[in-house]
Amino acid sequence: MNKVTLNIDGKEVEAEEGKTILEAARVVGIHIPTLCYNEKLAPYGACRFCTVEVTKNGRSKLVVSCVYQVEDGLVVKTATPKVIKTRKMILELMLGSAPALKELAKEYGIEKPRFKSEVTQCILCGQCVRYCAEVKGANALTFVGRGVNRRVAFVNEVVSKGVCMDCRQCYGVCPTGKIPRETDGAYFGGNLVSDVLAKSKHK
Ligand code: FES
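What counts, and where the lines are drawn
- Residues numbered from 1 in each chain as written.
- Predicted model: local features only at pLDDT ≥ 70, side-chain atom pairs only at ≥ 80, totals over all residues.
- Heavy atoms only, no water.
- Helix = DSSP H or I, 4+ residues; strand = E, 2+ residues; numbered from the N terminus.
- Expected span 1.5 Å × (residues − 1).
- Buried < 20%, exposed > 50% of the residue type's maximum accessible area, 1.4 Å probe, protein only.
- Contact = heavy atoms within 4.5 Å.
- Disulfide = S-S within 2.5 Å.
- Pairing = 2+ DSSP bridges.
- Axes fitted to C-alpha atoms, helices over the stretch in contact; angles between N-to-C directions.
- Salt bridge = Lys/Arg side-chain N within 4 Å of Asp/Glu carboxyl O.
- Phe/Tyr/Trp six-rings, centres within 6.5 Å; stacked < 30°, edge-to-face > 60°.
- Lys NZ or Arg CZ within 6 Å of the ring centre and 35° of its normal.

Trainee: What's the story with helix α2 (residues 81–95) in this structure? I'm lost.
Mentor: Every α-helix winds through 3.6 residues per turn, so residues three or four apart in the chain are directed the same way. The end-to-end C-alpha distance of α2, which contains 15 residues, comes to 21 Å, matching closely the 21 Å that a straight helix rising 1.5 Å per residue would cover. Taken residue by residue, α2 has V83, R87, I90, L91, E92, M94 and L95 as its buried positions. Of the surrounding secondary structure, the elements contacted by the buried residues of α2 are β3 (51–56), β4 (59–64), β5 (75–77) and α3 (102–107).

Trainee: Whenever I open this one, the state of the cysteines confuses me. Can you help?
Mentor: By definition, a disulfide is the covalent link that joins the sulfur atoms of two cysteine residues. Counted under the stated rule, the structure contains zero disulfides. Counting only cysteine sulfurs, C128 is the nearest neighbor of C174, a cysteine outside any disulfide, at a range of 6.4 Å.

Trainee: Can you help me understand unusual backbone geometry in this one?
Mentor: Most of the time, phi is negative for any residue but glycine, and the peptide bond is trans. With a phi close to 50 degrees, N57 is a non-glycine residue in the positive phi region. Structurally, the position occupied by N57 is in the loop between β3 and β4. Since its relative accessible area comes to 75%, N57 is described here as exposed.

Trainee: Explain the sheet that holds β3 here, please?
Mentor: Within a beta sheet, neighbouring strands are joined by backbone hydrogen bonds and run either parallel or antiparallel to one another. What the five strands build is an open sheet, ordered β2-β1-β5-β3-β4; its pairing is mixed. Taken across any chain shown, the strands that pair with only one partner, and hence form the sheet edges, are β2 (11–16) and β4. Between one strand and the next, the sheet's axes are offset by a mean angle of 35 degrees, whatever the strand orientation. As defined by bridge partners, β3 adjoins β5 across three bridges and the pair is classed as antiparallel. Considered in β5, the bridge of T55 is made with V75.

Trainee: Sorry if this is basic, but what is going on with the pattern of salt bridges here?
Mentor: Proximity of charged atoms lets side chains of opposite charge pair with each other. Throughout the structure, instances matching the rule amount to one salt bridge. The salt bridge involving K56 is made with E71; its shortest N-O contact spans 3.4 Å. In this pair, K56 is assigned in strand β3 and E71 in the loop between β4 and β5, connecting sequence segments 15 residues apart.

Trainee: So what exactly am I meant to see when it comes to the packing of aromatic side chains here?
Mentor: Counted under the stated rule, the structure contains one aromatic pair. A cation sits over an aromatic face here: R150 above F143, 4.2 Å from the ring centre.

Trainee: Whenever I open this one, the pairing of β2 confuses me. Can you help?
Mentor: In the case of a regular strand, side chains alternate between the two sheet surfaces. Pairing of strand β1 (residues 3–8) with β2, which is carried by six bridges, proceeds in the antiparallel orientation. Residue pairing across strands places T5 opposite E14, the latter belonging to β2. Connecting the antiparallel pair β1 and β2 is a turn made up of two residues, with D9 showing a positive phi of about 50 degrees.

Have a look at this one:
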């Protein structure tokens, strides 16, 4: 595999072609915050919280580091004012719906979110859906709806076969704690999970 050399926060970094900026940064101990990234899953690029600023041939732009691949001669800055502003904006948009992000908000100096959100605590990172499909091969979770109505739902036909009873690994990958909370008997994405499980002959 060919290697390329790039510069991340002033550090010369060698990385294999095809690796992402996030992967290259992690190898040398440079921290880039993420929300929807999970190294066990295919890159997704949904939350954009891992945004960094890259410069090549004198031109700068913001890119999503968990999907943007390394290039020879690329200069990457992980915390420029533009990057921090972008991450703050993303956090503020999510905060109204995800109290679990409060620690991150404190780190970015956000005391009160400017935006109100009517959506659920789910930030649509898709880790639960992708983990269930890619790692477990169960496909018990899916996205439903569009735009502001988009949410994650359990697939009744799959859940009712009992595949979720002994697994529940989606609990661990959910960054906001939405799934563990909601499966305590509340609606989750339109399906009352406790009802679905109660109807399961495997209960
Ligand atoms: S962690 Fe990169 S887009 Fe979510």
